Amino acid sequence: MPTVVSRPSTSARTSSSSTAATAPVAGGDAVTSSADLVRVAARLGIEADRLVEVCPADARELSKALFVRLRAAEEGSAEYSYVRGTLIELNMALVEFAANRFAHRKEPIEDIVQVGTIGLIKAVNRFDPSFEVEFSTFALPTIRGEIKRFFRDTGWMVHVPRRLQELRLTLAKTSDAMEQLLDRVPAPAELAAELDLTEDEVREGLIASQAQSASSLDAPALGADGGDPLADRVAQEEGAYELMLCLETLKPAIAALPERDRTILSLRFGAELTQGEIGRRLGISQMHVSRLLNRILAGLRAELLADA
């Protein structure tokens, strides 16, 4: 990890200001180590210490010099990798600033910072000193866009069209503003009049907003009596579930039976023939069919209970 820098005292910055203004900060040897970074920082009148303690003003000045180095370096070289990594670490405060705006969301702040860091990396890759704007001005929209894209793509429990996602945001902002004026939650008709929409469109947007989060079926149900899990109130027992489970369990056992046993089962339970009809078709007595069926079913029953 590169050695990082901190803001020097006022006297140190004053005494070195004229030197820093004319020093060839983008020139000299390649920046591939902490010692090289210290040298670049010293030309700007910044004492080397730790990047996490750099004040915003020093971070901006050092970033300007490092971006000149980055664009002059060959992509894939040791200098390019070192300077790029230093710029990312130096400007992590931008990610934290952008992530704090979304701290009210349910997602952990660590995940938001991680996504914002991707936006910072993209901004570092795209920024050029010739843009003649501050890097923070260029990077913040990219960082925020990456975070918003994360919420849009993964923050919804049920996927809804992009149109409804944007409508939800518009309704939320308008509702907050109108609540301040009316001192109550606005009705759908009032929101529709304010946004020049129909009431059906407003209701559709309000319903879509409920898809952004979901409650656990183990959570207590809402209501005066409460207490019971929601699953006990909305879940229904599927009557055919046990039957299908048994059939699936019996499939390999039936497949392993001799051909005559499978034929008897098919005629009795598939074609629904009587034991006498099965006996006449197979050329055996009804009593023999009964004994065979009892033996086959007893074996399948034992197989089924063994798997249970």
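As shown above, the structure is provided for reference.
Presented here is an overview of the structure given in this document. (Residues numbered from 1 in each chain as written. Predicted model: local features only at pLDDT ≥ 70, side-chain atom pairs only at ≥ 80, totals over all residues. Heavy atoms only, no water.)

## Things to note about unusual backbone geometry
Going by this rule: Strands here are runs of E lasting at least two residues and helices are runs of H or I lasting at least four, both read from the DSSP assignment and numbered beginning at the N terminus.
Backbone geometry at Asp 196 places phi at a positive 60°, although glycine is not the residue there. The phi dihedral of Glu 272 falls on the positive side, at around 55°, and the residue is not glycine. Assignment of secondary structure puts Glu 272 in the loop between helix H13 (259-270) and helix H14 (275-282).

## Focus: a nonpolar patch on the surface
Spelled out, the test is: The patches described consist of residues with a relative accessible area above 30% and no salt bridge, like charges being joined within 9 Å and nonpolar side chains (Val, Leu, Ile, Met, Phe, Trp, Tyr) within 5 Å. Note on areas: Shrake-Rupley, 1.4 Å probe, and residue coverage restricted to the protein chains presented here. We count a salt bridge whenever a side-chain nitrogen from Lys or Arg sits within 4 Å of a carboxyl oxygen from Asp or Glu. Think of it in three bands: with a 1.4 Å probe and only protein chains considered, a residue is buried below 20% of the maximum accessible area for its type, exposed above 50%, and partly exposed in between.
Together, Leu 243, Met 244 and Leu 247 make up an exposed nonpolar region whose accessible area comes to about 290 Å². Note on placement: Leu 243 falls in helix H12 (residues 241-255). By relative accessible area, Leu 243 is classed as exposed at 52%.

## Looking at the environment of Leu 167
The cut-off we apply is this: Whether two residues are in contact is decided by their heavy atoms: any pair within 4.5 Å suffices.
Tracing the backbone through its elements, the reader meets Leu 167 in helix H8 (residues 162-182). Residues Leu 167 and Gly 205, spaced 38 residues apart in sequence, show a C-alpha to C-alpha distance of 5.8 Å. Those residues in contact with Leu 167 that sit more than four places away from it in its chain are Leu 197, Glu 201 and Gly 205.

## Some words on the nonpolar core
Using the following cut-off: Throughout this description, the term nonpolar core refers to a set of buried Ala, Val, Leu, Ile, Met, Phe, Trp, Tyr and Cys residues connected via side-chain atoms within 4.5 Å.
In terms of nonpolar packing, the biggest core is built from 35 residues, with Leu 62, Val 124, Phe 135, Ile 143 and Ile 147 touching the most fellow members. Of all elements in the fold, only helix H2 (34-43), helix H3 (56-72), helix H4 (78-90), helix H5 (92-100), helix H6 (109-126) and helix H7 (135-154) reach the threshold of two or more residues within this core. The contacts of Ile 143, once residues within four sequence positions are left out, are Leu 94, Val 95, Ala 98, Gly 116, Gly 119 and Leu 120. Core analysis: the second largest hydrophobic core is formed by 13 residues, Leu 273, Ile 278, Leu 292 and Leu 293 among them.

## Quick notes on H5
The criterion, for reference: Directions pointing from the helix axis toward each C-beta atom define the arc.
All of the buried residues along H5 are Leu 94, Val 95, Ala 98 and Ala 99. Looking straight down H5, one finds that the buried residues subtend no more than 130° of arc, so they occupy a single side. Turned more than 90 degrees off the buried face of H5, the exposed positions are Ala 93 and Asn 100.

## So, the packing of H3 against H6
Condition: All axes are obtained by fitting lines to C-alpha atoms, using only the stretch in contact for helices, and the reported angles, taken between N-to-C directions, cover 0 to 180 degrees. When describing relative orientation, an angle under 35 degrees is termed roughly parallel and one over 145 degrees roughly antiparallel, while 65 to 115 degrees is termed roughly perpendicular and anything else oblique. For this classification, the nonpolar set comprises Ala, Val, Leu, Ile, Met, Phe, Trp, Tyr, Cys and Pro, the charged set comprises Asp, Glu, Lys and Arg, and every other residue, Gly included, is treated as polar.
Following both chains from N to C, one finds H3 and H6 inclined at 70°, their axes separated by 10 Å at the closest point. With respect to their mutual orientation, H3 and H6 come out roughly perpendicular. Each of Phe 67, Leu 70 and Arg 71 in H3 lies in contact with H6, whose residues at this interface are Val 124, Asn 125 and Arg 126. Its residues assigned to classes, the contact of H3 with H6 shows 3 nonpolar, 1 polar and 2 charged.

## Section: the side chain of Arg 144
To keep it simple, the criterion reads: Positive charges come from Lys and Arg, negative ones from Asp and Glu, while His and the chain ends are left out of the count.
By the secondary structure assignment, Arg 144 is in helix H7. As a buried residue without a salt bridge, Arg 144 has its nearest oppositely charged side chain in Glu 146, at a separation of 13 Å. Excluding anything up to four places from it in sequence, Arg 144 contacts Phe 97, Ala 98 and Arg 101.

## A word on the packing of H3 against H4
Note the following rule: What makes a crossing left-handed is the near helix being turned counterclockwise from the far one by less than a right angle; a clockwise turn instead makes it right-handed.
Where H3 meets H4, the axes come as close as 9 Å, and the angle between the chain directions of the two elements is 155°. The orientation of H3 with respect to H4, classified from their angle, is roughly antiparallel. Taken as a pair, H3 and H4 cross one another with a handedness that is left-handed. Across the interface between the two elements, Ala 59, Leu 62, Ser 63, Leu 66, Phe 67, Arg 69, Leu 70 and Arg 71 from H3 touch Glu 79, Tyr 80, Val 83, Arg 84, Thr 86, Leu 87 and Leu 90 from H4. Of the residues belonging to the contact of H3 with H4, the class tally is 9 nonpolar, 2 polar and 4 charged.

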